[in-house]
Amino acid sequence: GAGVSQTPSNKVTEKGKYVELRCDPISGHTALYWYRQSLGQGPEFLIYFQGTGAADDSGLPNDRFFAVRPEGSVSTLKIQRTERGDSAVYLCASSLGERADTQYFGPGTRLTVL
Amino acid sequence: SQKIEQNSEALNIQEGKTATLTCNYTNYSPAYLQWYRQDPGRGPVFLLLIRENEKEKRKERLKVTFDTTLKQSLFHITASQPADSATYLCALYTGGFKTIFGAGTRLFVKA
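Every residue gets a number counted from 1 within its own chain, in the order that chain's sequence is written. Both sets of labels track the order of writing: A upward for chains, 1 upward for ligands. Totals for whole chains, interfaces and linings use all residues, but because this is a predicted model, local features are given only for residues with pLDDT of at least 70 and pairs of side-chain atoms are given and counted only at 80 or more. To get the side-chain values, all heavy atoms of the structure are used, and hydrogens and water are removed first.

**Brief notes about the overall build of chain B**
When its secondary structure is counted, chain B shows zero helices and 11 strands. The order of α-helices and β-strands along chain B, N terminus first, is β-β-β-β-β-β-β-β-β-β-β. In summary, chain B has a C-alpha radius of gyration of 13 Å against a globular reference of 13 Å for 111 residues, a match within 12%. Once the C-alpha set of chain B is aligned to its principal axes, its extents read approximately 40 × 30 × 20 Å. Residue exposure (1.4 Å probe, protein chains only): buried if accessible area is under 20% of the type maximum, exposed if over 50%, otherwise partly exposed. With 111 residues in all, chain B has 43% of them scored as buried. Runs of H or I in DSSP of at least four residues are treated as helices and runs of E of at least two as strands, each being numbered from the N terminus. For the radius of gyration, the atoms used are the C-alpha atoms, and the globule rule reads 2.2 Å times the number of residues raised to 0.38.

Set out below in structure tokens:
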């Protein structure tokens, strides 16, 4: 079956611009996670959705970052006024259950802020 | 402070040997621990989960141990193959909704 998909696979933007990153989870998965991964590091938790609501957004670094999941399926991570330090791979994962169960990751979006 | 430590240096082994990777943590009380594999340019792939009341878990050529007293997990790949070359991440679940990942250890298996 289809796995988690993320678009775009690569995004290059200029400092100060706004970007949106999209995640399509596995059908039927109610839990959705966003992570950020820098080179040589493990994924860093950003936000968790259970259904349509953000149950834990404690990992979002600041108020330039925002994520939505309006219909409980597709999610969009939005970054305003991008900074060079935002450059990283943004990973999305989904899982069946409410707890941090086995997570199925997408391939990620590589964001480069020039 | 809370930390998860995995060998930052790459592990190089010969095909057929057993690879052993280490995950140490401090100031966490994880309910369970997971191991993931990550290939370049791809997202992590789940391999094994071990709970706090389990000492050992096996799956095919993979074995994970979990010592909550030592605050350590060991991940073994027996009869290693070049296709096992990847980065291996350990991840802790401590409750709530977060999973905390280590930085990973790169494994190279030479033919």
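And the narrative resumes.
**Considering the state of the cysteines**
Note on disulfides: each one is a pair of cysteine sulfur atoms within 2.5 Å. Counted under the stated rule, the structure contains two disulfides over all chains. Note that Cys-23 of chain A is cross-linked by a disulfide to Cys-92 of chain A, the S-S spacing being 1.8 Å. In this structure the cystine formed by Cys-23 of chain A and Cys-92 of chain A twists about its S-S bond by roughly -65°; its chirality is therefore left-handed. With a gap of 69 residues between them, Cys-23 of chain A in strand 3 (residues 19–24) and Cys-92 of chain A in strand 9 (residues 88–95) connect regions that are remote in the sequence. For the pair Cys-23 of chain A and Cys-92 of chain A, one class covers both residues: buried. A disulfide bridge connects Cys-23 of chain B with Cys-90 of chain B, and the sulfur atoms are separated by 2.0 Å. Measuring the twist about the S-S bond at about 50°, one finds the Cys-23 of chain B-Cys-90 of chain B disulfide to be right-handed. Placement of the pair is Cys-23 of chain B in strand 3 (residues 19–26) and Cys-90 of chain B in strand 9 (residues 86–93), with a sequence separation of 67 residues. The pair Cys-23 of chain B / Cys-90 of chain B is uniform in exposure class, with both members buried.

**Description of unusual backbone geometry**
For the peptide bond that leads from Thr-7 of chain A to Pro-8 of chain A, omega is -10°, which places it in the cis range. Looking at the secondary structure, you find Pro-8 of chain A in the loop between strand 1 (5–7) and strand 2 (10–13). Of note in the backbone geometry, Asn-27 of chain B takes a positive phi value of approximately 60° without being a glycine. Turning to its location among the elements, Asn-27 of chain B is positioned in the loop between strand 3 and strand 4 (32–38). In this structure, Glu-60 of chain B takes a positive phi of about 55° despite not being glycine. By secondary structure assignment, the location of Glu-60 of chain B is in the loop between strand 6 (56–59) and strand 7 (62–67).

**Some thoughts on the interface of chain B and chain A**
Contacts are residue-level and defined by heavy atoms, with any inter-residue pair within 4.5 Å sufficient. Each partner contributes to the interface: chain B provides 17 residues, whereas chain A provides 22 residues. Buried area counts how much accessible surface, traced with a 1.4 Å probe, disappears from two parts once they are put together, with both parts' losses summed. On the chain B side of the contact with chain A, Phe-97, Lys-98 and Phe-101 of chain B bury the most area, a combined 36% of that side's loss. Here, a salt bridge means any side-chain nitrogen of Lys or Arg that lies within 4 Å of a carboxyl oxygen of Asp or Glu. At the junction of chain B and chain A, the tally comes to zero salt bridges. Listed by contribution, the elements that provide at least two residues to the side of chain B that touches chain A are strand 4, strand 9 and strand 10 (99–101) of chain B. Three classes are used, and their members are as follows: Ala, Val, Leu, Ile, Met, Phe, Trp, Tyr, Cys and Pro are nonpolar, Asp, Glu, Lys and Arg are charged, and the others, Gly among them, are polar. By residue class, the composition of the side of chain B that touches chain A is nine nonpolar, six polar and two charged.

**Here's the deal with the environment of Cys-90 of chain B**
Residues and elements named next belong to chain B. Residue class for Cys-90 comes out buried when judged on its relative accessible area of 0%. Counting along the chain gives 74 residues from Cys-90 to Gly-16, while the straight-line C-alpha distance between them is 23 Å. Every residue in contact with Cys-90, bar those within four places of it in the chain, is listed here: Ile-4, Gln-6, Cys-23, Leu-33, Gln-34, Trp-35, Ile-100, Phe-101 and Gly-102.

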